[in-house]
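# Chains, contacts and geometry: an overview
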Amino acid sequence: MQSFQPPRRVLMGPGPSDVSPRVLAALARPTIGHLDPEFQTLMEEIKAALQRVFNAPDHACVPLPAPGTAGMEAAMMNLLEPGDRCVVAINGVFGGRMADMAGRAGATVVTIEHEWGQPVDPARVEVALAEAPTKVLAFVHAETSTGVRSDASVLCGLARRHGALSVVDCVTSLAGIAVDAAAWDADILYSGTQKCLSAPPGLSPIAISKRAQAAITGRREKVRNWLLDFNLLMAYWGGEGGRTYHHTAPINALYGLHESLVVLFEEGLQASTVRHARTHEALAAGLEAAGLKLLVDPKWRLPQLNTVLVPEGVDEAAVRAHVLNTWDLEIGAGLGPLKGKVWRIGLMGASATPWHVRLCLTALSEALAAQGVKVDRAAVLAAMDASLAA
Ligand SMILES: *Cc1c(COP(=O)(O)O)cnc(C)c1O
């Protein structure tokens, strides 16, 4: 065997996003023991930082030792018991995954299917909640498969009014658009490190409300998943009364998350969301000048995930191959019903800069021209520059 040397890529897909040299350097610091007092200081800092990022001062916040899907699994497995009713709004891949997990937890699952590219419809959710007592309402705040934002504030409000606990997938939204656990009065929110936090994949920050904690400690039967059982997990991460061994925390991965949070607070949470919005507008202006259209209505567009319709007659996969081979640029393909029909361009975390937008527009213009599409590259870049100057 030889050492693995990855190629240098620019990551503008649906995640992972570019990881800054600062975060990569943090990952390479010496490993210490997970019960070392210095490591416990790091754990406490991460917990407090996650409370800030989720705006969840009254929630228990910890990073789970697995990627974003682990947050989803933890939420479903901890809250749901056999026979519980769970309403899941589905408007893309990840809502479908939530429903699958709820079923595996033994819940009676009621799904509300939406057309891909549309936000979750609160009126339909309200009808489903009014039908029968419901334990959990689950939905995705930022659907990465389509590039759509849903109104988390309204949906969490509906859950509260109908006595249900809310589970909000914030994997792509956190640090890219506003996430506000306190204002939404949301119960469980989870994210991943490889999207707008711009740390490597492998950790899932989660926030759990007092109501959700009471529901978990009051369960009739044990959580059917040992690693993510909140009751066991908090004896390790809780801090009060000393820590007991549960699993070995992914120590160096946590150095990386910690550094990414330091970077985020240096910029400011608000400034970070403004940067995502501005780079998105610049990208959208350039795409429009290239004659390309976005799938999602401007009101519900995610700045960090831009779903671009593939023009008639253009080979979708060939464009992605061109930008990867010629520019070392990764953009994403469509999933499910959008397969072959869209590209997904991520502007997440460290990948949300004017430089990334310029590179992407240049590479895309070239790839389209290679397929005989007329694109005025100078006009595309001028539209981008005009948007950034506005
Ligand atoms: C990426 C993503 C996930 C899953 O995260 P992994 O880190 O891939 O496990 C879940 N939900 C949404 C909305 C995502 O974008």
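This is a predicted model, so every value here is computed, not measured. (Residues numbered from 1 in each chain as written. Predicted model: local features only at pLDDT ≥ 70, side-chain atom pairs only at ≥ 80, totals over all residues. Heavy atoms only, no water.)

### Here's the deal with the overall build of the protein chain
Inclusion rule: Helix and strand definitions here come from DSSP, where helices need a minimum of 4 consecutive H or I residues and strands a minimum of 2 consecutive E residues; each element is numbered from the N-terminal end. Every radius of gyration here is taken over C-alpha atoms, with the globule rule written as 2.2 Å times N^0.38, N being the number of residues. Throughout, a residue-residue contact means that at least one pair of heavy atoms, one from each residue, lies within 4.5 Å. All tallies of charge rest on Lys and Arg as positive and Asp and Glu as negative; His and the ends of each chain are not included. Just so you know, the charge point we use is NZ for Lys, CZ for Arg, CG for Asp and CD for Glu.
Looking only at helices and strands, one finds 14 helices and 13 strands in the protein chain. Relative to a compact globule of 390 residues, whose C-alpha radius of gyration would be 21 Å, the protein chain shows 21 Å and is just as compact. Within the protein chain, residue pairs in contact and separated by at least 24 positions form 71% of the contacts whose partners lie at least 6 positions apart. Between the centroid of the 34 positive side chains of the protein chain and the centroid of its 38 negative side chains there is a distance of 1 Å.

### Quick look at the site of the ligand
Defined as follows: Here a residue is considered near a molecule or strand provided that any single heavy atom belonging to it is located within 4 Å of it. Residue burial considers only the protein chains on display, and all accessible areas are found by Shrake-Rupley using a 1.4 Å probe. Side-chain classes are defined by residue name, with Ala, Val, Leu, Ile, Met, Phe, Trp, Tyr, Cys and Pro counting as nonpolar, Asp, Glu, Lys and Arg as charged, and the others, Gly among them, as polar.
Surrounding the ligand, one finds Pro67, Gly68, Thr69, Phe94, Val140, Ala142, Thr144, Asp169, Val171, Thr172, Gln194 and Lys195. Relative to its unbound accessible area of 380 Å², the ligand is 89% covered by the protein chains. Counted by class, the shell around the ligand contains five nonpolar, five polar and two charged residues.

### Quick notes on the domain arrangement of the protein chain
Put simply, the rule is: Marked domain ranges trace back to an automatic or database domain assignment. The buried area of a pairing is the accessible area, by a 1.4 Å probe, that goes missing from both parts when the two are put together, added over both.
Assigned domains within the protein chain: domain 1 (20–265) and domain 2 (270–389). Inter-centroid distance (C-alpha atoms) of domain 1 to domain 2 is 29 Å. Residue-level contacts link 24 residues of domain 1 with 21 residues of domain 2. Between domain 1 and domain 2 the total buried area reaches about 1800 Å² when both faces are included, carbon and sulfur atoms providing 67% of it.

### Overview of the packing of helix 2 (residues 37–53) against helix 10 (residues 251–267)
Applied cut-off: Helix axes are fitted only over the stretch in contact, all axes being lines through C-alpha atoms; the angle between N-to-C directions runs from 0 to 180 degrees. Here the angle decides the label: under 35 degrees means roughly parallel, over 145 means roughly antiparallel, 65 to 115 means roughly perpendicular, and every other value means oblique. Less than a right angle of anticlockwise turn of the near helix away from the far helix marks a crossing as left-handed, whereas a clockwise turn marks it as right-handed.
Viewed as axis vectors pointing N to C, helix 2 and helix 10 meet at an angle of 45°, and their least axial separation amounts to 10 Å. In terms of their interaxial angle, helix 2 and helix 10 are classed as oblique. Helix-helix and strand crossings are classified by hand; for helix 2 and helix 10 the assignment is left-handed. Listed contacts from helix 10 to Phe39, Leu42, Glu45, Ile46, Ala49, Leu50, Arg52 and Val53 of helix 2 are Ile251, Leu254, Tyr255, Leu257, His258, Leu261, Leu264 and Phe265. The residue inventory of the contact of helix 2 with helix 10, partitioned by class, reads 13 nonpolar, one polar and two charged.

### Points about the pattern of salt bridges
Our working rule: Just to be clear on terms, a salt bridge is a Lys or Arg side-chain nitrogen sitting within 4 Å of an Asp or Glu carboxyl oxygen. Under the scheme applied here, a residue whose accessible area is under 20% of the maximum for its type counts as buried, over 50% as exposed, and between as partly exposed, the area being computed with a 1.4 Å probe on protein chains only.
Scanning the entire structure with this criterion turns up 15 salt bridges. Linking Arg29 and Glu259 is a salt bridge whose minimum nitrogen-to-oxygen distance equals 3.8 Å. Placement of the pair is Arg29 in the loop between helix 1 (21–27) and helix 2 and Glu259 in helix 10, with a sequence separation of 230 residues. Accessibility expressed as a relative area gives 42% for Arg29, which makes it partly exposed. In this structure, the salt-bridge partner of Arg160 is Asp185, at a minimum N-O distance of 3.1 Å. Remark: Asp185 occurs in the loop between helix 7 (181–184) and strand 9 (188–190) and Arg160 occurs in helix 6 (residues 152–161); sequence separation between them is 25 residues. The exposure class assigned to Arg160 is partly exposed, which follows from its relative accessible area of 35%. Relative accessible area serves as the criterion here: at 32%, Asp185 is assigned to the partly exposed category.

### Details of the sheet that holds strand 12 (residues 329–333)
We apply this condition: When DSSP finds at least two bridges between two strands, those strands are taken to pair.
Taken in spatial order, the four strands line up as 1-12-13-11 in an open sheet, and their pairing is mixed. Sheet topology places strand 1 (10–12) and strand 11 (305–309) at the edges, where each strand pairs with a single neighbour. Between one strand axis and the next, the sheet turns through 35° on average, direction left out of account. Bridging between strand 12 and strand 13 (residues 342–346) involves two bridges; their strand directions are antiparallel. What sits directly across from Gly332, in strand 13, is Arg344. Together, strand 12 and strand 13 form the strand contacts of helix 12 (residues 316–327), whose direction differs from that of strand 12 by roughly 160°.

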